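As a plain string of letters, each chain reads:
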There are 2 protein chains.
Amino acid sequence: MDRMSRQSSTAPGPDGEVQGDGQGERSGQRRATVVDVARRAGVSTATVSRVMNRNYPVAAATRERVEAAMRELGYVVNAHARALAGASGRTVGIIVGELIDPFYAYIARGVEREATAGDRLCLVCCTQGDPQRELAFIELMHERRADAVVLVGGSVEDRAYKAELARRASELDAGGSKLVLCGRPSLGEDVPTVGVEYDNEGGAFAITDHLITQGHERILYLGGPPGLSTARDRLAGHRRALELRGIRRDPLLEQPGAFSRAFGHRRMAELLREGPEFTAVFAANDIVAAGAAQAMEEAGVRIPQDMSLVGYDDIPVAQELRPRLTTVRIPLEEMGRQAVRVALNGGDEDDWRAPTTGTLRLGTHIVVRESAGPPRGGFPGSGRARRG
Amino acid sequence: MDRMSRQSSTAPGPDGEVQGDGQGERSGQRRATVVDVARRAGVSTATVSRVMNRNYPVAAATRERVEAAMRELGYVVNAHARALAGASGRTVGIIVGELIDPFYAYIARGVEREATAGDRLCLVCCTQGDPQRELAFIELMHERRADAVVLVGGSVEDRAYKAELARRASELDAGGSKLVLCGRPSLGEDVPTVGVEYDNEGGAFAITDHLITQGHERILYLGGPPGLSTARDRLAGHRRALELRGIRRDPLLEQPGAFSRAFGHRRMAELLREGPEFTAVFAANDIVAAGAAQAMEEAGVRIPQDMSLVGYDDIPVAQELRPRLTTVRIPLEEMGRQAVRVALNGGDEDDWRAPTTGTLRLGTHIVVRESAGPPRGGFPGSGRARRG
DNA sequence: GTGAAAGCGCTAACAT
DNA sequence: ATGTTAGCGCTTTCAC
């Protein structure tokens, strides 16, 4: 059998059987590789590599030939081979709860933009609120050697879970990647992560204080899963404001729950019908506020005349509601940007005081619109006032 | 020099210099590899591989040892090496205009879910409306050998651009990947892409017809970049409905523009002040409708008493507006799901009638809410009625 | 059931 | 300025 006339390695296709393409010169299906390009341009593979990476001098004429060859062959470099050979995979991972939730979407946008700016691609996945999935995704991104893995949003306050997370963080760190905690608390000083937070507690404090300043004393706190760090901190800020002003906390006025519109709507409706008295509502986020607003609308409770309503996050819906929602603004997109910036500088550049465990804290501030005002004398009380 | 006593290949680190870790047994920093695991478990690398992939019989005892070794070493497989060695990269790419736009976000969610269901990770990037960026991203995903690249949303109607796109599609196809056109027209029968569309023209036709049925004759078409396929089709449907009912088209009533809230707001305000007469507005999408609604609110024009308003897409804001927006519903998430399903089955499974160039067309339907009703006698006309 | 060895496509020394 | 070559870490025949 003559093997000289064949190309160096006409390996059979993945099927294990050679295709009907007898022994033609043009390899029917195989992708072009550096070797092919090199041969065609009459140079070595090293030169081809140098042309692609423009990190080394190459004669203009040679470069032309190589580029022509690449074009003619429809050559597309294999990122896997490249990554394997040493270069970074140029990837950052981002793990969010839910892509269609503006809170996550804005942060994701920041991450994506900063990644793109740094010439990297973005791996995105959604946990749908499942911590197990979160862990699994971190592993997957580690396998792909992502330069950084950004974990977004509140986390469950589970002991074992946090330990596992810490383990993963260390593994990542050992491999030169960073786990970024974006909008969630640190795992401890000894765990090699980097953090980008915003002042959850402070924002909540500020907005409750705003309500109090208007004259409200009976403020309903609505929504936010008690197990979630984000919700916990918001509630804490709320309580602190109450305390500071010497207003007694009423357990009946603390109604945690899901971060969902449905919850806001349902619970608000119930409370309006048979709950305690209150003159203002602090929804744990804008989504919950939207649900609550609808319940009030349906019950004929006017905002802000009969009831004040405020939210948290300042996502677009806050401006779409009528009246527009007074809420707490978080620099969402900026957080995403900083997340990758902080992760990449802490390991990519020279070790200028490499802050293995730094935490960047961004500020929040309240945005006053029209959904909150002073309480009026007449509280609608129970019953579906003005309804039906 | 003795080379026998050393480990098979103690290559210097990426720095080019060996670390201070003289010749100890435990490699200080290097990541564990199959070789390490194999040595530790006293087996060959082949066995380690078989244990990981569970695609081949391995003695229970051996498997235990290997798994223990992996655990002890904190071994994490290298996806790049794996992909290079033949396996698929287990990745699908998705290219959208803007992550925070619900239209894209919902589709992205579908893609992500389906990808995850198929044990794949999702590369996401945003073009921010720039076709060049789109092309660049396709290339990047090709480099990473994504199993499928989903291109989402309307495309510009540029000749050269489409040709370039076709070229990329062919390259991808040659490599066994598929380019999926999600919500945009085919590139031609000869271009190897797969498509998932929805009936843009039909939805527009239906909703304009709905307006006409209510008694409207002077309907303003607002927004939608004329260069975008999506917008073009919607306008076409609108015109067809008019025609069918024998209503003469008035160029002044066709006001294309950006797909943005700002455009909807600004142009609507202008038109209300000094435009032609009309009794209903068909906004090219819900975002534009939201802007238009605000302009009407500011001008004291009541919906639907003074003016009817309808949109397109049925994204969440449609239900947040007051009155709620009558609009056209698109199966956004489903489109995303089908996009990856269709792409992966067309090349991954057995060639059961492999539809290299199929196009799946999903239906749309109008959702009637409260923003459209019969026209009233009194048209507000020019001037900022009831304002100031 | 397990091992040996040949690549996958690319980069980065080290020569020339 | 350009060529040679040795891997990067894994999968996968082909032997045993």
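What you see is a predicted model, and the numbers here were worked out from it, not measured in a lab.

## Some words on the interface of chain B and chain A
At step 1: If you look at the interface, chain B gives 53 residues, while chain A gives 53 residues.
At step 2: Roughly 5000 Å² is buried in total at the junction of chain B and chain A, and carbon and sulfur atoms are behind 54% of that figure.
At step 3: Between chain B and chain A we count 8 salt bridges in total.
At step 4: Taking the shortest distance from any N to any O, the salt bridge between Arg322(A) and Glu297(B) comes out at 2.8 Å.
At step 5: Linking chain B with chain A are 31 residue pairs in polar contact (both at pLDDT 80 or more).
At step 6: Of all the secondary structure elements, the ones that give two or more residues to the side of chain B that touches chain A are helix H4 (79-84), helix H5 (102-117), strand E2 (121-126), helix H6 (131-143), helix H7 (159-174), helix H11 (286-299) and helix H12 (317-320) of chain B.
At step 7: At 7 residues, the largest contribution of residues to the side of chain B that touches chain A is made by H5(B).
At step 8: Among the residues making up the side of chain B that touches chain A, the classes are represented as 23 nonpolar, 13 polar and 17 charged.
At step 9: Across 3 bridges, strand E2 (residues 121-126) of chain A lies against E2(B) in antiparallel orientation.

## Quick look at the pattern of salt bridges
At step 1: Tallied over the entire structure, the rule returns 70 salt bridges over all chains.
At step 2: For Asp250(A), the salt bridge identified is with Arg218(A), shortest N-O distance 2.9 Å. Pair noted here: Asp250(A) is in the loop between helix H9 (229-244) and strand E7 (254-255) and Arg218(A) is in the loop between helix H8 (200-214) and strand E6 (219-222), with a separation of 32 residues, a long-range link.
At step 3: Accessibility expressed as a relative area gives 18% for Asp250(A), which makes it buried.
At step 4: Put simply, Asp314(B) and Arg329(B) hold a salt bridge, and the shortest N to O gap is 2.9 Å. Taken as a pair, Asp314(B) in the loop between strand E9 (308-310) and H12 and Arg329(B) in strand E10 (residues 327-329) lie far apart in primary sequence, 15 residues in all.
At step 5: Sharing partners across several salt bridges, the network here consists of Glu98(A), Arg109(B), Arg113(B), Glu114(B), Glu333(B), Arg337(B) and Arg341(B).

## Considerations on the sheet that holds E6(A)
Residue and element names in this part refer to chain A.
At step 1: The 4 strands are arranged E7-E6-E8-E9 in an open sheet whose pairing can be described as parallel. Each end of this open sheet is capped by a strand with a single partner; those strands are E7 and strand E9 (308-310).
At step 2: Note that E6 and strand E8 (residues 280-283) share 4 bridges and pair parallel. The residue of E8 that forms the bridge with Ile 219 is Ala 280.
At step 3: The sheet strands contacting H8 are E6, E8 and E9, and the helix crosses E8 at an angle near 170°.
At step 4: This element, helix H11 (residues 286-299), spans E6, E8 and E9 of the sheet and lies at about 160° to E9.

## Quick notes on the pairing of strand E5 (residues 193-198) of chain B
Along any regular strand, the residues point their side chains to alternate faces of the sheet.
Residues and elements named next belong to chain B.
At step 1: Among the 6 residues of E5, 6 are classified as buried, and the element is accordingly described as predominantly covered.
At step 2: Pairing between strand E4 (residues 178-182) and E5: 4 bridges, direction parallel. When the sheet's bridge partners are listed, Val 180 is paired in E5 with Val 194.
At step 3: Two strands pair when backbone bridges link them, and E5 and strand E11 (residues 359-362) are joined in this way by 4 bridges, in the parallel orientation. Opposite Gly 195, over in E11, you have Thr 359 as the bridge partner.

## Let's talk about the domain arrangement of chain A
Residue and element names in this part refer to chain A.
At step 1: When the domains of chain A are assigned, the result is domain 1 (3-84), domain 2 (91-198 + 332-363) and domain 3 (200-330 + 367-387).
At step 2: For the pair domain 2 and domain 3, the summed buried area comes to about 1100 Å², and 56% of that belongs to carbon and sulfur atoms.
At step 3: Put simply, domain 2 and domain 3 have 1 salt bridge between them.
At step 4: Across the pair Glu 157 and Arg 232 runs a salt bridge whose closest N-O atoms are separated by 3.3 Å.
At step 5: There are 7 residue pairs in polar contact (both at pLDDT 80 or more) connecting domain 2 and domain 3.
At step 6: Secondary structure elements with two or more residues in the side of domain 2 that touches domain 3: helix H5 (102-117) and helix H13 (332-345).
At step 7: At 3 residues, H5 tops the list of elements feeding residues into the side of domain 2 that touches domain 3.
At step 8: Looking at the side of domain 2 that touches domain 3, its residues break down into 8 nonpolar, 5 polar and 2 charged.

## A look at the packing of aromatic side chains
At step 1: Counting across every chain of the model gives 6 aromatic pairs over all chains.
At step 2: Note on Phe103(B) and Tyr104(B): the rings are 5.3 Å apart at their centroids and 85° apart in plane angle, and the pair reads as edge-to-face.
At step 3: Its relative accessible area of 15% is what places Tyr104(B) among the buried residues.
At step 4: Note on Phe282(B) and Tyr312(B): the rings are 6.4 Å apart at their centroids and 20° apart in plane angle, and the pair reads as stacked. Pair noted here: Phe282(B) is in strand E8 (residues 280-283) and Tyr312(B) is in the loop between E9 and H12, with a separation of 30 residues, a long-range link. Each of the two residues, Phe282(B) as well as Tyr312(B), counts as buried.
At step 5: Taking the ring centre of Tyr312(A) as reference, the NZ or CZ of Arg234(A) above it sits at 3.9 Å.

Conventions adopted
- Residues numbered from 1 in each chain as written.
- Chains lettered and ligands numbered in written order.
- Predicted model: local features only at pLDDT ≥ 70, side-chain atom pairs only at ≥ 80, totals over all residues.
- Heavy atoms only, no water.
- Contact = heavy atoms within 4.5 Å.
- Buried area = accessible area lost by both parts, 1.4 Å probe.
- Salt bridge = Lys/Arg side-chain N within 4 Å of Asp/Glu carboxyl O.
- Polar contact = N/O pair within 3.5 Å; in protein donor to acceptor, adjacent residues only side chain to side chain.
- Helix = DSSP H or I, 4+ residues; strand = E, 2+ residues; numbered from the N terminus.
- Nonpolar A, V, L, I, M, F, W, Y, C, P; charged D, E, K, R; others polar.
- Pairing = 2+ DSSP bridges.
- Buried < 20%, exposed > 50% of the residue type's maximum accessible area, 1.4 Å probe, protein only.
- Axes fitted to C-alpha atoms, helices over the stretch in contact; angles between N-to-C directions.
- Domains from an automatic or database assignment.
- Phe/Tyr/Trp six-rings, centres within 6.5 Å; stacked < 30°, edge-to-face > 60°.
- Lys NZ or Arg CZ within 6 Å of the ring centre and 35° of its normal.

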